[in-house]
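Tertiary structure, described
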Amino acid sequence: LAGLWTVFTLGGVGSKATPQLEQSSPLANQSLLLLLVLANLTDAPDTPNPYRQAITSFKNTQDNTAFSSSNPHAFQINFNSLYTALCEQQKSDQATLLLYMLLHQNSNVRTYVLARTDIENLV
């Protein structure tokens, strides 16, 4: 069990999250780890992973186009808040992995980030 927990918490890979960060928001840290695990589960032959579908298709609440999707897992989120949170948390491996996944799998997030004029905050 300890070995499995080490894999889930990315133990031994990259830099460890600072103890100060983990102590300030342990629920957020554990929630992010759970989201990453769920979104990266393998699809079943007849059922695609609903968490991955949600991660790859969510849209910006600030987008002026009408929100209509045939995807039952689609939702909207404020991209400005998401971008700010990701910029503040880039010292953690988990946040960097979430950013990587969003940039590669969600074209809406990728387009938003590339359109930002303050991308140096993220880098």
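Residues numbered from 1 in each chain as written. Predicted model: local features only at pLDDT ≥ 70, side-chain atom pairs only at ≥ 80, totals over all residues. Heavy atoms only, no water.

Looking at an unreviewed UniProt entry, one finds the protein chain named Dymeclin and attributed to Crypturellus undulatus. UniProt, in its Sequence similarities (unreviewed entry) section for the protein chain, records the words "Belongs to the dymeclin family." (UniProt positions renumbered as here; feature names shortened; annotations may be inferred.)

Turning our attention to the pattern of salt bridges. Applying the stated rule across the entire model yields two salt bridges. In this structure, D43 engages R52 in a salt bridge whose closest nitrogen and oxygen atoms are separated by 3.3 Å. For the salt bridge of R116 with D118, the shortest nitrogen-to-oxygen distance reads 2.9 Å. (Salt bridge = Lys/Arg side-chain N within 4 Å of Asp/Glu carboxyl O.)

Right, let's get into the nonpolar core. Buried together is how nonpolar side chains tend to be arranged in soluble globular proteins. Grouped together as the largest cluster of nonpolar side chains are 19 residues, with contacts concentrated most on L86, L98, L102 and L122. Those elements giving two or more residues to this core turn out to be α3 (26–39), α5 (79–88), α6 (93–105) and α7 (107–115). Other than its neighbours up to four places away in sequence, L98 contacts L32, L35, L36 and L86. (Core = buried A, V, L, I, M, F, W, Y, C linked by side-chain atoms within 4.5 Å. Buried < 20%, exposed > 50% of the residue type's maximum accessible area, 1.4 Å probe, protein only. Helix = DSSP H or I, 4+ residues; strand = E, 2+ residues; numbered from the N terminus. Contact = heavy atoms within 4.5 Å.)

Side chains of L114, I119 and V123 sit close together on the surface and give an oily, nonpolar patch of about 340 Å² of accessible area. Here V123 shows up in the segment after α7. Of the residues examined, V123 reaches a relative accessible area of 85% and is grouped as exposed. (Patch = residues over 30% accessible without salt bridge, like charges linked within 9 Å, V, L, I, M, F, W, Y side chains within 5 Å. Areas by Shrake-Rupley, 256 points an atom, 1.4 Å probe, with all protein chains shown as cover.)

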